[in-house]
Amino acid sequence: MAEFTASVFQNEYLPDGGTDVNAIVTVTCAGAGTAGQTGGGAAGEIIIVDTSGSMGPQTMAAAKQAATAALNEIVDGTWFAVIAGSDRAMLAYPAVSSGPGLVQMSAQTRSQAQQAVSRFVGSGGTAISTWLDLAGQLFGSVPQVTQRHAILLTDGENRERDDTFEAAIARATGYFQCDCRGAGTDWQVDEIRRISQALLGTVDIIPEPGQMETQFREMMRTSMSRGVAEAQLRVWSPQGAQVLFVRQVSPTVEDLTDRRVVINPLTGGYPTGAWSDESRDYHVAVRVAAKAIGQEQLAARVMLAVGDDVLAQALVKATWSGNSELTAKIDQQVAHYTGQTELAAMIQEGLAAKASGDEATATTKLGRAVQLAAETGNDEATSKLKKVVDVQNEREGTVRLKAAINKADEMALDTASTKTTRIKK
Amino acid sequence: MSTPSSCPACGEVLPEGAVFCEACGSKVTGPSSVGTGDVDVAAEPAPFEELGSGPISAPTRITPLAGSPGFSGASGSGAAGDRPCLACGAEVDADGYCTSCGTKQPSERDHFRETPASWVAGVCDRGIVHSGNEDAMALLADEPAGSRAVLVVLDGVSSSIDSDVASLAGARAARETLRTPLPRGMGTDQGRDAAVAAAFAHTIEAANGAIVETTAADSDSPASATFSVAVVEGNRLSVANIGDSRVYWVPDVGEALQVTVDDSAAQQLMEAGMDREAAENGPQGHAITRWLGRDAPDLTPRVAALDLTGPGWVLNCSDGLWNYISEPSAITEQVRAVEATGATAPLDVALGLTAYANACGGRDNITVTLARIDAPVPATGQNPVPTNEID
């Protein structure tokens, strides 16, 4: 049985009249076990591979190899399927047209699935909504599957109306999780990130076909280690208080504020997806009515619930004080993650400005990003930024856009923008 | 035990041998409990941990004494969640925070209320600045309204150890001696006064005995407390005090009257001709000249009586309240202000006055006890032995 713990980092002291309480809550899971093996329902995995005409022979060969490797990682007994996606979605394996659309992994089904993958041929366009919808139907055809995860690989831009695409994402949201990978540089980071953010997954670029196999193996291995199918972050706040935002801030920045579901009038639930043995940080900000100096109150209870069971809880407090030495301090963790959240926004906004030809804005935003990456010790962001801009002064945040930028480097900076580092102890 | 010459938390000059700062309540020997920014969630005691039948106020105790009084406030039992939230009335979680408004609930020793009869109530509150509540009260009252009430207030001196335990024990012991009515003497006023003084002397002795009993034999800073009692019997208000807790008569018409006389340096200065404001705010304004406890200089209370002629309030309070409204006119004004908010029940008026003191800064523990007098008439015939049990 998995065990969750929660700890809180905050400065609980507010000045006279202060109303906003910020806290970082670290939630840690231990003893998660293996997906589908902990008695809470079966696990399902679907591998979705882009088989549109844009997939070049080299990329297609790599994709087949990667899907084969991923199938090797799926634990026996896990329900699975493989989808070949183009301008429509085709169920490549199992070869059924009605009834359950997933089969359980065994030596025999694995080898059959790998044969099906080897027969992939690229043709047609790209309509990702159909891929997501088929995945949802397949998961739905096997009711005992409660932990649903997909891997999606694409190499090109989605050729669909935006509302069609959005609607399909909305249908899948809260039903299955999806990690997305883009091969090469002809796909749109923004587009694919919309899927991964809504479906609580990751997004990354695979610039070279040779790296595909390793990435797929890793993704599937991680998914199989998630023994907790689904957990919910719950935030109680006092009567009359306002939850300003709830964000996951580590390992990546994901704003959960709008994902709130009502648990009771004072408590909201936020999806966190499946958990392996890992630790995640959340930034919770609550606005409460100011009280008199010396008063103490609870500003939030941050809980981690699996089903109806609350497995861990952290208390976020507010104490009004007249001592400015106490109230002026900003908690180190809060400051660190506030910087990292801004860093992610600066990178994304800077690259968007650059794409639209607004070089002045791009230079300012990416300059600020360089400054924040240095201040918060995010070395990965610093090194990725340096491939896109020439840094003149890191501390001041003055940069110049590089004259020639490798497209893959720019996309890698974009996909990695939400990755955060933990505070250096 | 070494005492720094000034409080590390607030800088107040400390008397020799002080264990707690009288200004802010911080412990001044050993680690200070005030001013540290890091709060360990797990190490913080649950606010209700110390309740039930165990000894009160565990944190400052040195030697747990067998037979020390268990704490049971007005509601009787003290389990977590028993009392509704003091701020909004909703349910309180087991960890001491309100499930609706999030307000941290004080421990029962830090804030308790008593309402022994419809016309008598009291509030004993930690205030804001001090970390513990060394004030105590014990009330007794009969129905119908105006028949008989006893209001006991003790203000534990916070520069000594265990004053919170001692003051509550003392208040309760004093109340027990006053379950029987005060003597009416043998016809003459002098005889009556002498008999009442003797009865109050017995009360003081019991209170002092209880305080000394809770003091560790080897304590170099023995618990001590002020003492004031108001007894209402019909239209007669009898008071006795040692130290600077005060009884006021606040008539509905006209100005309040301070019935007790303080045993304080400020009072001595006033008797020497200094005006009240200067005396009470001077460097020795809060020094008391007499108190209860093992090192009490003398135990003879100041005794006084007043015949009530109209409706009003008998107020027995600690300096946590009167510090902010010492002048009788200020007391009058504040009682009227609380009444103007619609408060008529004694508990509501007491809560209103407590809230006022906290709004003024709550620099000391606050005790406010009140008896509402509507139509004072002489107590008739033999006073019945009270049967009202409030514990």
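Here is what the cut-offs are and how they apply
- Note that residues are indexed from 1 along each chain, following the sequence as it is written.
- Each chain gets a letter, beginning with A, and each ligand a number, beginning with 1, in the order they are written.
- Where local features are concerned, this predicted model is filtered to residues with pLDDT of at least 70; where side-chain atom pairs are given and counted, the filter is 80 or more; whole-chain, interface and lining totals use all residues.
- To obtain the side-chain values, all non-hydrogen atoms of the structure were used and water was disregarded.
- Think of it this way: any DSSP run of H or I at least four residues long counts as a helix, any run of E at least two long counts as a strand, and we number them from the N terminus.
- Only protein chains enter the accessibility calculation, which uses a 1.4 Å probe; a residue is then buried when its area is under 20% of its type maximum, exposed when over 50%, and partly exposed in between.
- Contacts: residue pairs with any heavy atoms within 4.5 Å of one another.
- Under the convention used here, a 1.4 Å probe and the Shrake-Rupley method define accessible areas, while residue burial counts only the protein chains that appear.
- In this description, a line fitted to the C-alpha atoms serves as the axis of each element, helices being fitted only across the stretch in contact, and the angle between N-to-C directions of two axes falls anywhere from 0 to 180 degrees.
- Angular relationships are summarised with four words: roughly parallel below 35 degrees, roughly antiparallel beyond 145, roughly perpendicular across 65 to 115, and oblique for the angles in between.
- In this scheme the crossing of two helices becomes right-handed for a clockwise turn of the near helix relative to the far one and left-handed for an anticlockwise turn of less than a right angle.
- Three categories are distinguished: nonpolar for Ala, Val, Leu, Ile, Met, Phe, Trp, Tyr, Cys and Pro, charged for Asp, Glu, Lys and Arg, and polar for the others, with Gly belonging to the last.
- Only Phe, Tyr and Trp rings are paired, with Trp represented by its six-membered ring, and only when their centres lie within 6.5 Å; those with planes under 30 degrees apart are stacked, over 60 edge-to-face, the remainder tilted.
- The rule for a charge over a ring is simple: NZ of Lys or CZ of Arg within 6 Å of the ring centre, and within 35 degrees of the ring normal.
- Nonpolar cores were defined as sets of buried Ala, Val, Leu, Ile, Met, Phe, Trp, Tyr and Cys residues, with membership established by side-chain atoms within 4.5 Å.
- Domain extents, as shown, originate in an automatic or database domain assignment.
- Any two strands with at least two DSSP bridges between them are considered paired.
- In short, buried area is how much 1.4 Å probe accessible area vanishes from two parts on joining, totalled over both.
- Within this document, salt bridges are pairs made up of a side-chain nitrogen of Lys or Arg and a carboxyl oxygen of Asp or Glu, the two lying within 4 Å of each other.
- We call two N or O atoms a polar contact when they sit within 3.5 Å, provided that within protein one can donate a hydrogen and the other can accept it, with sequence-adjacent residues counted only if both atoms are side-chain atoms.

### Looking at the overall build of chain B
What chain B contains, in helices and strands, is seven helices and 13 strands. Every one of the 391 residues in chain B was classed for burial, and the buried ones make up 53%. Counting only contacts in chain B whose residues sit at least 6 apart along the sequence, the fraction spanning at least 24 positions is 66%. Taken as a whole, chain B presents about 15900 Å² of accessible surface, with 54% of it coming from carbon and sulfur.

### Concerning the packing of helix H8 (residues 332-355) of chain A against helix H9 (residues 359-375) of chain A
Residue and element names in this part refer to chain A. With their axes 8 Å apart at the nearest point, H8 and H9 run at an angle of 155 degrees to one another. On the basis of their axis angle, the class for H8 and H9 is roughly antiparallel. As H8 packs across H9, the resulting crossing turns out to be left-handed. Side by side, H8 and H9 meet where Gly339, Glu342, Leu343, Met346, Ile347, Glu349, Gly350, Leu351, Ala353 and Lys354 of the first sit next to Thr361, Ala362, Lys365, Leu366, Arg368, Ala369, Leu372 and Ala373 of the second. A breakdown of the residues in the contact of H8 with H9 according to their chemical character gives ten nonpolar, three polar and five charged.

### Remarks on the packing of aromatic side chains
By convention here, two paired aromatic rings are described through the distance between centres and the angle between planes. The full count for this structure, using the stated rule, is three aromatic pairs over all chains. Seen from their ring centres, phenylalanine 4 of chain A and tryptophan 275 of chain A are 5.3 Å apart, and the 80 degrees between their planes marks the pair as edge-to-face. Of the two residues, phenylalanine 4 of chain A is situated in strand S1 (residues 3-10) and tryptophan 275 of chain A in strand S15 (residues 267-275); the sequence distance between them amounts to 271 residues. Here the two residues phenylalanine 4 of chain A and tryptophan 275 of chain A agree in accessibility, since each one is buried. Ring centres 5.3 Å apart and planes at 45 degrees place the aromatic pair phenylalanine 139 of chain A and phenylalanine 176 of chain A in the tilted group. Within this pair, whereas phenylalanine 139 of chain A is found in helix H3 (residues 128-140), its partner phenylalanine 176 of chain A is found in the loop between helix H4 (162-172) and strand S9 (177-183), the two being separated by 37 residues in sequence. Across the ring face of tryptophan 322 of chain B, the terminal group of arginine 246 of chain B is positioned such that the distance to the ring centre comes to 3.4 Å.

### Brief notes about the environment of alanine 89 of chain A
Here alanine 89 of chain A is to be found in strand S6 (residues 89-93). Residues within four places of alanine 89 of chain A in sequence aside, it is in contact with Ile83, Ala84, Thr130, Trp131 and Leu134 of chain A.

### Observations regarding the nonpolar core
All names here are of chain A. Core analysis: the largest hydrophobic core is formed by 38 residues, its most contacted members being Ile46, Leu102, Leu132, Phe176 and Ile195. The leading source of residues in this core is H3, at seven residues. Two domains each put at least three residues into this core: domain 2 (42-224) and domain 3 (333-415). Those residues within four positions of leucine 102 in sequence are excluded, and the remaining contacts are Ile46, Trp79, Phe80, Ala81, Pro94, Leu138, Phe139, Ser141, Val142 and Val145. Ala66, Ala67, Ala84 and Tyr93 belong to the second largest nonpolar core, which has 32 residues in total.

### Things to note about the sheet that holds strand S4 (residues 148-155) of chain B
All names here are of chain B. Across the sheet, which stays open at both edges, the five strands sit in the order S3-S4-S6-S7-S11 with antiparallel pairing between neighbours. A single partner strand is all that each edge strand has here, and the edge strands are strand S3 (135-141) and strand S11 (302-307). The sheet shows a mean angle of 10 degrees between the axes of neighbouring strands, direction not considered. Relative to the sheet, helix H1 (residues 163-177) contacts S3, S4 and strand S6 (227-233), its axis offset from that of S3 by approximately 20 degrees. Contacts from helix H2 (residues 189-213) reach S4, S6, strand S7 (236-242) and S11, with the element oriented near 45 degrees to S7.

### Considerations on the pairing of S6 of chain A
Consecutive side chains along a regular strand alternate between the two faces of the sheet. Residue and element names in this part refer to chain A. With four of its five residues buried, S6 lies for the most part within the structure. As paired elements, strand S5 (residues 79-85) and S6 share four bridges and run antiparallel to each other. Counted as the bridge partner of glycine 85 is alanine 89 from S6. Hairpin geometry of S5 and S6 is characterised by an intervening segment of three residues between the two adjacent antiparallel strands.

### Examining the interface of chain B and chain A
Each side of the interface is counted separately: chain B has 17 residues, and chain A has 18 residues. Carbon and sulfur atoms supply 48% of the area buried between chain B and chain A, which totals about 1400 Å² over both sides. Here chain B and chain A share three salt bridges between them. One salt bridge connects arginine 301 of chain A with aspartate 93 of chain B, and the closest N-O pair in it is separated by 3.2 Å. In this assembly, chain B and chain A are joined by ten residue pairs in polar contact (both at pLDDT 80 or more). Of the residues assigned to the side of chain B that touches chain A, the class counts are six nonpolar, seven polar and four charged.

### What about the domain arrangement of chain A?
Residue and element names in this part refer to chain A. If you check the domain split of chain A, you get domain 1 (3-33 + 228-329), domain 2 (42-224) and domain 3 (333-415). If you average the C-alpha positions of domain 1 and of domain 2, the two centres end up 34 Å apart. Contacts between the two partners involve nine residues from domain 1, matched on the other side by six residues from domain 2. For the pairing of domain 1 and domain 2, the buried interface totals around 670 Å² over both sides, and the portion due to carbon and sulfur atoms is 43%. Taken as a group, Ala229, Glu254 and Arg259 account for 53% of the area that domain 1 buries against domain 2, more than any other trio of residues on that side. Counting across the domain 1 and domain 2 interface gives zero salt bridges. Applying the counting rule to domain 1 against domain 2 returns four residue pairs in polar contact (both at pLDDT 80 or more). Within the residue set of the side of domain 1 that touches domain 2, elements represented by two or more residues are strand S11 (228-236) and S15. By residue class, the composition of the side of domain 1 that touches domain 2 is five nonpolar, two polar and two charged.

### Some thoughts on the pairing of strand S1 (residues 111-117) of chain B
Residue and element names in this part refer to chain B. Taken across its seven residues, S1 has five buried, putting it largely inside the fold. Sheet analysis places S1 next to strand S2 (residues 120-125), joined by five bridges and oriented antiparallel. When the bridges of S2 are listed, alanine 117 appears paired with valine 120. Between the end of S1 and the start of S2, which pair antiparallel, lie two residues.

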